[in-house]
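Architecture at a glance
Chain residues, written in single-letter form:
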Amino acid sequence: MLRGDITVAIRNAVMNELAEVGYGRLSIEAVARRAGVGKTAIYRRWSNKLEMVLEIVSDVAGRSVPLPDTGSFAGDLQLIMMIVHRALQHRIASQIIPDLMAEAARNPQIAETLQTALRTHQQAVGEKLVGQAIARGELPAGTDPEVAVDMILGPLYWRLAVSRTPMPDDYLDKLTTAVTAALKSTAETL
């Protein structure tokens, strides 16, 4: 295997191990076995399990989701909700996210790393979504991008990752309408 291929194999092995056994039971040995490499290949890249998991998970969590301008806030909102919906229902993500949130409650390093990666990405998405909507006159100036992201992601995360409740076919449409109305009224009260 080439050096880059080894790193990719290790990253994939870590994500699959996290999904199967969780952070607490994840071991360097199991990751190496799954990746088809020796433990030394892992220790050349990371000094311990925590460092390895934090780097790999923060890289995945911080990946930028391309957000095209669909021409309307409702279209942009529907698109980002669909992307988040699919991501939260992904077989591996649906196992890893709850486990890492539980670990974050016990481990401040994990909590800080996840919070930094997610908040940076969420801030960029919020600023783009809200900025485009303000420029088109769909939302009033002063609409808070952080509040917008919380209103968009919160219900989806709660429904799909916490309560694991199936979404009716019209849920994203209703959520889009509710978020848009709430953001318009919130910005008007400022």
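Residues numbered from 1 in each chain as written. Predicted model: local features only at pLDDT ≥ 70, side-chain atom pairs only at ≥ 80, totals over all residues. Heavy atoms only, no water.

The protein chain is annotated in an unreviewed UniProt entry as TetR family transcriptional regulator of Paractinoplanes deccanensis.

1. What to know about the environment of Asn107
What counts, and what does not: A run of H or I in DSSP becomes a helix once it reaches four residues, and a run of E becomes a strand once it reaches two; helices and strands are each numbered from the N terminus. Buried, partly exposed and exposed residues are distinguished by accessible area as a fraction of the type maximum, computed with a 1.4 Å probe on protein chains only: under 20%, between the cut-offs, and over 50%, respectively. Polar contacts, as counted here, are pairs of nitrogen or oxygen atoms within 3.5 Å of one another; within protein the pair requires one atom able to donate a hydrogen and one able to accept it, and residues that are adjacent in sequence qualify only if both atoms are side-chain atoms.
Position of Asn107 among the secondary structure elements: in the loop between α6 (91-106) and α7 (108-135). With relative accessibility at 17%, the residue Asn107 sits in the buried group. Considered as a pair, Asn107 and Leu50 are 57 residues apart in the sequence and their alpha carbons are 10.0 Å apart. A distance of 2.9 Å separates a polar atom in the side chain of Asn107 from the backbone nitrogen of Gln109.

2. So, unusual backbone geometry
Phi at Arg164 is positive, roughly 50 degrees, even though this residue is not glycine. Under the relative-accessibility criterion, Arg164 is labelled partly exposed at 44%.

3. Let's talk about the UniProt feature "DNA-binding region" (unreviewed entry) in the protein chain
The criterion, for reference: UniProt positions are given in the numbering used here, feature names are shortened, and annotations may be inferred rather than shown by experiment.
Feature annotation in UniProt assigns "DNA-binding region" (unreviewed entry) to the following positions: residues 27-46. The distance from the first to the last C-alpha atom of residues 27-46 is 13 Å, and the span holds 75% helix and 0% strand.

4. Focus on the layout of surface pockets
Stated precisely, the cut-off is as follows: Any residue with an atom within 4 Å of a point lines the site, the site being either a cavity, points on a 1 Å grid over the protein atoms alone where a 1.4 Å probe fits but cannot get out, or a pocket, an open set with protein on both sides within 12 Å along at least 5 of 7 lines. Grid points are joined across faces, edges and corners, and a volume is the space filled by probe spheres set on the points. Put simply, Ala, Val, Leu, Ile, Met, Phe, Trp, Tyr, Cys and Pro go in the nonpolar bin, Asp, Glu, Lys and Arg in the charged bin, and everything else, Gly too, in the polar bin. Each domain's extent is set by a domain assignment, obtained either automatically or from a database.
Volume-wise, the largest pocket comes out at about 1,400 Å³. Lining the largest pocket are 41 residues, with Ala61, Ala87, Leu88, Ile97 and Leu118 sitting closest to its centre. Counting residues per element, the ones that place at least two in the lining of the largest pocket are α1 (3-25), α4 (49-61), α5 (73-89), α6, α7 and α8 (145-162). Looking at the lining of the largest pocket residue by residue, the classes come out as 28 nonpolar, seven polar and six charged. Split by domain, the lining of the largest pocket shows at least three residues from each of two domains, domain 1 (4-59) and domain 2 (64-189).

5. Here's the deal with empty space enclosed by the protein
Using the criterion set out here, one finds one cavity of 30 Å³ or more in the structure. Taken together, Val53, Leu54, Val57, Ser58, Leu100, Ile110, Thr113 and Leu114 make up the lining of the largest cavity. Listed by contribution, the elements that provide at least two residues to the lining of the largest cavity are α4 and α7. When residues in the lining of the largest cavity are grouped by element, the largest group, four residues, is from α4.

6. Topic: the domain arrangement of the protein chain
The condition is simple: Whether two residues touch is decided by their heavy atoms; if any such pair falls within 4.5 Å, the residues are in contact. Here the quantity called buried area is the total loss of accessible area, with a 1.4 Å probe, experienced by two parts when brought into contact, counted for both. Salt bridge, as used here: a side-chain nitrogen of Lys or Arg that lies within 4 Å of a carboxyl oxygen of Asp or Glu.
For the protein chain, the assigned domains read domain 1 (4-59) and domain 2 (64-189). The C-alpha centroid of domain 2 is placed 29 Å from the C-alpha centroid of domain 1. Opposite the eleven residues of domain 1 that make contact, domain 2 presents 13 residues. Between domain 1 and domain 2, a total of about 1,000 Å² is buried, with carbon and sulfur atoms accounting for 74% of that surface. Interface area lost by domain 1 to domain 2 is led by Ala19, Tyr23 and Leu54, which between them contribute 42%. Joining domain 1 to domain 2, the criterion identifies zero salt bridges. Summed over the shared surface of domain 1 and domain 2, the result is one residue pair in polar contact (both at pLDDT 80 or more). Among the secondary structure elements, those contributing two or more residues to the side of domain 1 that touches domain 2 are α1 and α4. It is α1 that provides the largest number of residues to the side of domain 1 that touches domain 2, a total of seven residues. Across the side of domain 1 that touches domain 2, the residue classes break down as seven nonpolar, four polar and no charged.

7. Side note on the side chain of Glu103
Relative to the helices and strands, Glu103 resides in helix α6. Apart from the residues within four sequence positions on either side, Glu103 is in contact with Tyr23, Gly24 and Ile110.

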